[in-house]
Amino acid sequence: MCFIGGDGASASWILWRMLRQVIHRGLKASFYWLGLFVSRHPVFFLTVPAVLTIIFGSTVLSRFKPETDLEVLVAPTHSLAKIERSLANSLFQIDKSKHKLYSDLHTPGRYGRLILLAKSGGNILELADQVLQVHKQVLDLRVNYKGFNFTFAHLCVLSHRDKRCLLDDIITIFEDIRQAVLSNSTFHKVPISYPNTTLKDGRVAFIGHQLGGVSFSPNSRDQQVKFARAVQITYYLRNHGPVVQDAIAERWENEFCALASRLSTAEVPHAADQLHIQSLTSFSLWRDFHQTGLLAKGEVLVSLVLVLLAATISSSMRDCLRGKPFLGLLGVLTICIANVTAAGIFFISDGKFNSTLLGIPFFAMGHGTKGVFELLAGWRRTRENLPFKERVADAFADVMVCYTMTSSLYIITFGMGASPFTNIESVKIFCQSMCVAILVNYFYVFSFYGSCLVFAGQLEQNRYHSVFCCKIPSVEYLDRQPTWFKTMMSDGHDLSTHHDSVPYQNHFIQHFLREHYTEWITNTYVKPFVVILYLIYASFSFMGCLQISDGSNIVNLLASNSPSVSYALTQQKYFSNYSPVIGFYIYEPIEYWNSTVQEHLKTLSHGFNKISWMDNFFHYLRVVNVSASTKNDFITILKGSFLRSPEYQHFTEDIIFSKNSETDEYDIIASRMYLVARTTEKKREEVVELLEKLRPLMLINSIKFIAFNPTFVFMDRYSSSVISPILTSGFSVLTILILTFFLVINPLGNFWLILTVTSVELGVLGLMTLWNVGMDSISILCLIYTLNFAMDHCAPHLYTFVLATEHTRTQCIKLALEEHGAAILQNTSCFVIGIMPLVFVPSNLTYTLFKCSLLTAGCTVLHCFVILPVFLTFFPPSKKRHKKKKRAKEREREEIECIEVRENPDHVTNV
């Protein structure tokens, strides 16, 4: 029975192996016929891509539109914060209360914001007159629209009580300081507490976000302000209204920025000569985000020129017949016109440009040129005595199977990134565009570039010069010419031995790999150092993976020298003591007069700085010595006395009353208060942590409430949303490689590919973290690309080693490096040279793109040329069976020759 079972397992394995070989040979035969078809119709395959490029490329200019809504791009598409915003807006309109819901960079609607910083370390409180003069110039700012002049008074958010423009409370404080100075007093006569201060009208105002760089008077009980470095003033504009009003508000914002720029850069003395002024408006973030694309236009063109030069030089040989410099150049141009076509398809399908799409040309170039250089290397491996059409077909059969597999994996990984599982719209748009670019690149490589290869092969077969396209003279003619002429026109190969050697091995990269590098890397004394190098690499990668940071800060995507970044840095330095103002909305009726409910609310808001009508109401009850322990007393005093007092009248906007038609009693159906948490300079991380603590309480607490600030829309579940694309892409690749174990000729190829790609991916992830790159949308896209880039370069290398039939692993490694090493070096060098100009683009987005791309190329090359050549000599697959088969064949051949000699002794004698 055991014998039968063993035979059954062996037969099953043989059948699987035969099936895999049939599939592999079928694919090679299909691409052989495709190459033959392209070589027989080169004009058609050259013309069709060119026509498509002209058609789709013309739409890039005519239909180009930028994406103007930054929230749509970078905020999680589906989040509880957006639901909470809708609920909060249905109770209390956010546009009318946005002056209370302070947010650092994400204030809703239109607004203008100034930071006035005292120069030379001065006290901003001593510059009250200059601050108010700047304020007056903002109020007097005029915008002309269709012959009418509009000022801030025409556009501002109006107070609910007196219909006057809502201004920050710090303006009132500075007016009091100026009055004190005019009356021969000092600003110390105006008492200013921090962060809550009492105004002249009795109101308690929170100024934690309006006064920055604060220090206090010694021995002051209520934190009296002695010194302040900066003041922040916000001018809120109405968000609702007709389109005309929004257009006027946009013009006002532009004039507001122009005014701030004039005040901060004027060389002559003016009203604000002791102030450093910075401005921010509602469109500033979008403008500086879009600015990256505008700044990078020149560098992208320089990058293209550098890649063209690198591809041309790396494809050259001293042999003027077989050197193909123009094939390298045409390969890069093939990918360029493919990208133009893909961009046209994107804009025809109503796509809108955003700066994250800047990485697509570089990523598509990295994959497309790999196919181009592999086809060129495949051409060089074909036999010269074959007709050029068959040589093209052989190159297709040799290269296109692996290129098709890696292109499919690109489409699968980026397709998963474009799936509904992705919650960041900018990542989804990038992945969709990348899938289109890869498909178009694949079509252009085998059609347009295949046709170029056909024409180049025809020139070579007819012995035309690879650069000048003229007939190469005979050897006799060259012998009579000067040396420089011989150098330029000689094919470097004697015609008598034209087919006896392999002239393509004279390519300088292949020569270096064959004669020098392969011998060095497989040396026994080098291997221990490579193992130590890999341990160092793994340890640093692991250390970086333990320090992954959240990259949700929008500043990471802006132009680095932009006004928004400068404003955000100043804001972080001087106004990071308190979190954004969190709206605490109670959206169901509760018994506010119940002492248990009151204690519950105090517990929920414990540790926060509160701006609450309830606290002020209970303080009012204590002052007037009245009790309100029943519903009737509570509502009567609240509505009839408290809310009518001038100092408490503004709390009317924070309570929603409902009258019962049957009993004529009033009920409080919803209310709100504002909470502010104490923070440090790591404000963003602390606010995210605060949101994660509040979210469970919202869901399980007996008091039904929501906590909302406009910033939460950009923070809520950002980490999980931004990581999910790389997880789904990586899982899809892993699944496909495992499922195809039984379809490839040797499953160990897939096993080694999984290990290698995982090592590269973790290395890039860890090293980019150590290089101060956070997990934002750009770095995640780069990590998805790292998966594919590593597979693109390691797969041909590994499968050549696994399928090689040499005697030893060392010989198989040498063979793999000789066949694919040149293409890998050509492509990675072009890729690295192409991304180098990004360093000179002053943008945080391009810095992240450059760092991640450089790490991707570096880690891939390290594995292909250092780690794999050493580790594959230690581990399976074994090559002993190939050695035994070769020895058996040699022994059989020797026996046949001996038999022939014995049967024909006369022939031996004659010889």
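Note that the structure is a prediction, hence the values are computed from the model and not measured.

Calculation criteria
Residues numbered from 1 in each chain as written. Predicted model: local features only at pLDDT ≥ 70, side-chain atom pairs only at ≥ 80, totals over all residues. Heavy atoms only, no water. Helix = DSSP H or I, 4+ residues; strand = E, 2+ residues; numbered from the N terminus. Buried < 20%, exposed > 50% of the residue type's maximum accessible area, 1.4 Å probe, protein only. Contact = heavy atoms within 4.5 Å. Areas by Shrake-Rupley, 256 points an atom, 1.4 Å probe, with all protein chains shown as cover. Disulfide = S-S within 2.5 Å. Phe/Tyr/Trp six-rings, centres within 6.5 Å; stacked < 30°, edge-to-face > 60°. Lys NZ or Arg CZ within 6 Å of the ring centre and 35° of its normal. pLDDT = per-residue confidence, 0-100. 1 Å grid on protein atoms, 1.4 Å probe; cavity = no way out; pocket = protein on both sides within 12 Å on 5 of 7 lines; lining within 4 Å. Points joined across faces, edges and corners; volume = space filled by probe spheres on them. Nonpolar A, V, L, I, M, F, W, Y, C, P; charged D, E, K, R; others polar. UniProt positions renumbered as here; feature names shortened; annotations may be inferred. Core = buried A, V, L, I, M, F, W, Y, C linked by side-chain atoms within 4.5 Å. Domains from an automatic or database assignment. Pairing = 2+ DSSP bridges. Axes fitted to C-alpha atoms, helices over the stretch in contact; angles between N-to-C directions. Patch = residues over 30% accessible without salt bridge, like charges linked within 9 Å, V, L, I, M, F, W, Y side chains within 5 Å. Salt bridge = Lys/Arg side-chain N within 4 Å of Asp/Glu carboxyl O. Polar contact = N/O pair within 3.5 Å; in protein donor to acceptor, adjacent residues only side chain to side chain. Arc of directions from axis to C-beta.

### Considerations on the overall build of the protein
Then step 1. Summing up its helical and strand segments, the protein has 32 helices and 15 strands in all.
Then step 2. For the protein, the proportion of its 911 residues judged to be buried stands at 52%.
Then step 3. Within the protein, contacts between residues separated by at least 24 positions form 78% of all contacts whose residues are at least 6 apart in sequence.
Then step 4. When the accessible surface of the protein is summed, it comes to about 41600 Å², and 61% of that surface belongs to carbon and sulfur atoms.

### Things to note about the state of the cysteines
Then step 1. Counted by the stated rule, this structure contains 1 disulfide.
Then step 2. Across a sulfur-sulfur distance of 1.9 Å, Cys 156 and Cys 165 are joined as a disulfide pair. Looking down the S-S bond of the Cys 156 and Cys 165 bridge, the torsion is -70°, so its handedness is left-handed.
Then step 3. You can call Cys 156 buried: its relative accessible area is 0%.
Then step 4. On the basis of relative accessible area, Cys 165 is assigned to the partly exposed category, the value being 26%.
Then step 5. Left without a disulfide partner, Cys 431 is nearest to the cysteine sulfur of Cys 435, which lies 6.8 Å away.
Then step 6. Cys 431 gets classed as buried once you look at its relative accessible area, which sits at 0%.

### Considering the packing of aromatic side chains
What describes a pair of aromatic rings is the distance from one ring centre to the other and the angle between the planes of the rings.
Then step 1. This model, assessed by the stated rule, comprises 45 aromatic pairs.
Then step 2. Feature note: the residues Tyr 592, Trp 593, Trp 613, Phe 617, Phe 618, Tyr 620, Phe 634, Phe 642, Tyr 648 and Phe 651 constitute an aromatic cluster, connected by ring pairs.
Then step 3. We note Lys 639 situated over the ring of Phe 657; from NZ or CZ to the ring centre the distance is 4.5 Å.
Then step 4. Sitting over the face of the ring of Tyr 666, Lys 639 holds its NZ or CZ atom 4.8 Å from the ring centroid.

### Things to note about the side chain of Thr 860
Then step 1. Position of Thr 860 relative to the elements: it lies in helix α30 (residues 844–871).
Then step 2. Assessed through its relative accessible area of 0%, Thr 860 is described here as buried.
Then step 3. In contact with Thr 860, other than residues within four places in its own chain, are Val 760, Phe 789, Ala 790 and His 793.

### Notes on the confidence of the model for the protein
Then step 1. When pLDDT is averaged along the protein, the result is 84; 89% of the residues meet or exceed 70.
Then step 2. Confidence drops under a pLDDT of 50 for residues 896–902, and excluding neighbours within four residues, the segment shows 1 contact in the predicted structure.
Then step 3. Counting contacts from residues 904–911, a segment whose pLDDT is below 50, to residues more than four positions away or on other chains yields 1 contact.

### Focus: empty space enclosed by the protein
Then step 1. Taken as a whole and assessed by the stated rule, the structure comprises 4 cavities of 30 Å³ or more.
Then step 2. One number sums up the size of the largest cavity: a volume of about 80 Å³.
Then step 3. Taken together, Gln 598, Leu 601, Lys 602, Ser 605, Lys 610, Ser 612, Met 614, Asp 615, Phe 618 and Met 673 make up the lining of the largest cavity.
Then step 4. Elements that contribute at least two residues to the lining of the largest cavity include exactly α21 (595–604) and α22 (613–624).
Then step 5. Across the lining of the largest cavity, the residue classes break down as 4 nonpolar, 3 polar and 3 charged.
Then step 6. What lines the second largest cavity is simply Val 74, Gly 551, Ser 552, Asn 553, Ile 554, Leu 557, Phe 714, Tyr 718 and Asp 776.
Then step 7. Each residue belonging to the lining of the second largest cavity can be placed in one class, and the counts come to 5 nonpolar, 3 polar and 1 charged.

### Observations concerning the UniProt feature "transmembrane region" (unreviewed entry) in the protein
Then step 1. Mapped onto this structure's residue numbering, the UniProt feature "transmembrane region" (unreviewed entry) falls at residues 43–61, 326–348, 395–416, 436–456, 722–745, 751–771, 824–842 and 854–875.
Then step 2. Secondary structure content for residues 436–456 is 100% helix and 0% strand, and the end C-alpha separation is 29 Å.

### What to know about the nonpolar core
Taken as a class, soluble globular proteins show a tendency for nonpolar side chains to be buried jointly.
Then step 1. In terms of nonpolar packing, the biggest core is built from 219 residues, with Leu 116, Ile 124, Leu 211, Trp 252, Trp 613 and Phe 634 touching the most fellow members.
Then step 2. A total of 17 residues in this core trace back to one element, the largest contributor, which is helix α28 (residues 777–803).
Then step 3. For this core, the two domains that each supply at least three residues are domain 1 (24–64 + 298–482 + 507–546 + 724–880) and domain 2 (109–281).
Then step 4. Excluding residues that lie within four positions of it along the chain, Ile 124 makes contacts with Leu 116, Ala 118, Val 131, Phe 174, Leu 211, Ala 228, Arg 229, Ala 230, Val 231 and Leu 275.

### Structural notes on the sheet that holds strand β10 (residues 275–281)
Then step 1. Strand order in the open sheet formed by 4 strands is β6-β9-β1-β10, with antiparallel pairing between adjacent strands. Each of the sheet's edge strands pairs with one partner strand only, and the pair in question is β6 (211–212) and β10.
Then step 2. Running over the sheet, helix α8 (residues 169–182) touches β6 and β9 (230–236) and is turned about 125° from β9.
Then step 3. Strands in contact with helix α20 (residues 563–574) are β1 (111–118), β6, β9 and β10; relative to β1, the strand with the most contacts, it is inclined by about 60°.

### Here we look at the pairing of β1
Then step 1. Within β1, 8 of the 8 residues are buried, which leaves it mostly tucked inside the rest of the structure.
Then step 2. The alternating pattern of β1 places Tyr 111, Arg 113, Ile 115 and Leu 117 on one face and Gly 112, Leu 114, Leu 116 and Ala 118 on the opposite face, and all of these are buried.
Then step 3. Here β1 runs beside β10; their pairing, made up of 7 bridges, is antiparallel. From the neighbouring strand, Leu 117 faces β10, where its bridge partner is His 276.

### What about a nonpolar patch on the surface?
Then step 1. A contiguous nonpolar surface patch, about 490 Å² in accessible area, is contributed by Val 302, Val 305, Leu 306, Leu 309, Ile 313 and Ile 833.
Then step 2. The biggest single contributor to the nonpolar patch is helix α11 (residues 297–314), with 5 residues.

### Here we look at the side chain of Thr 422
Then step 1. Checked against the element boundaries, Thr 422 lands in the loop between α14 (388–417) and α15 (425–461).
Then step 2. On the basis of relative accessible area, Thr 422 is assigned to the buried category, the value being 1%.
Then step 3. Among the polar contacts listed, one links the side chain of Thr 422 to the backbone oxygen of Gly 417, at a separation of 2.5 Å.
Then step 4. When neighbours within four sequence positions are excluded, Thr 422 is seen to be in contact with Met 416, Gly 417, Val 427, Lys 428, Ser 724 and Pro 725.

### Some words on the pairing of strand β14 (residues 666–676)
Then step 1. Counting buried residues along β14, 8 of its 11 residues qualify, which places the element largely inside the surrounding structure.
Then step 2. The pairing of strand β11 (residues 582–586) with β14 spans 5 bridges and is classified as antiparallel. In the strand pairing of β14, Tyr 585 is matched with Arg 672.
Then step 3. Sheet analysis places strand β12 (residues 609–611) next to β14, joined by 3 bridges and oriented antiparallel. Paired with Asn 609 across the bridge in β14 is Val 676.
Then step 4. Pairing of strand β13 (residues 655–659) with β14, which is carried by 5 bridges, proceeds in the antiparallel orientation. Its bridge partner being in β14, Ser 658 is matched across the sheet by Asp 667.
Then step 5. Taking the residues between adjacent antiparallel strands as the criterion, β13 and β14 are bridged by 6 residues, where Asp 664 takes a positive phi near 60°.

### What to know about α21
Then step 1. All of the buried residues in α21 are Val 597, Gln 598, Leu 601 and Leu 604. Seen from one end, α21 has its buried residues packed into an arc of 120°, which puts them on one side. The outward face of α21, more than 90 degrees from its buried face, is lined by the exposed residues Thr 596 and Thr 603.
Then step 2. Its buried side turned inward, α21 meets β11, α22, α24 (683–700) and β15 (705–708).
Then step 3. The N-cap residue of α21 is Asn 594: its side-chain oxygen and the backbone nitrogen of Thr 596 are 2.8 Å apart.

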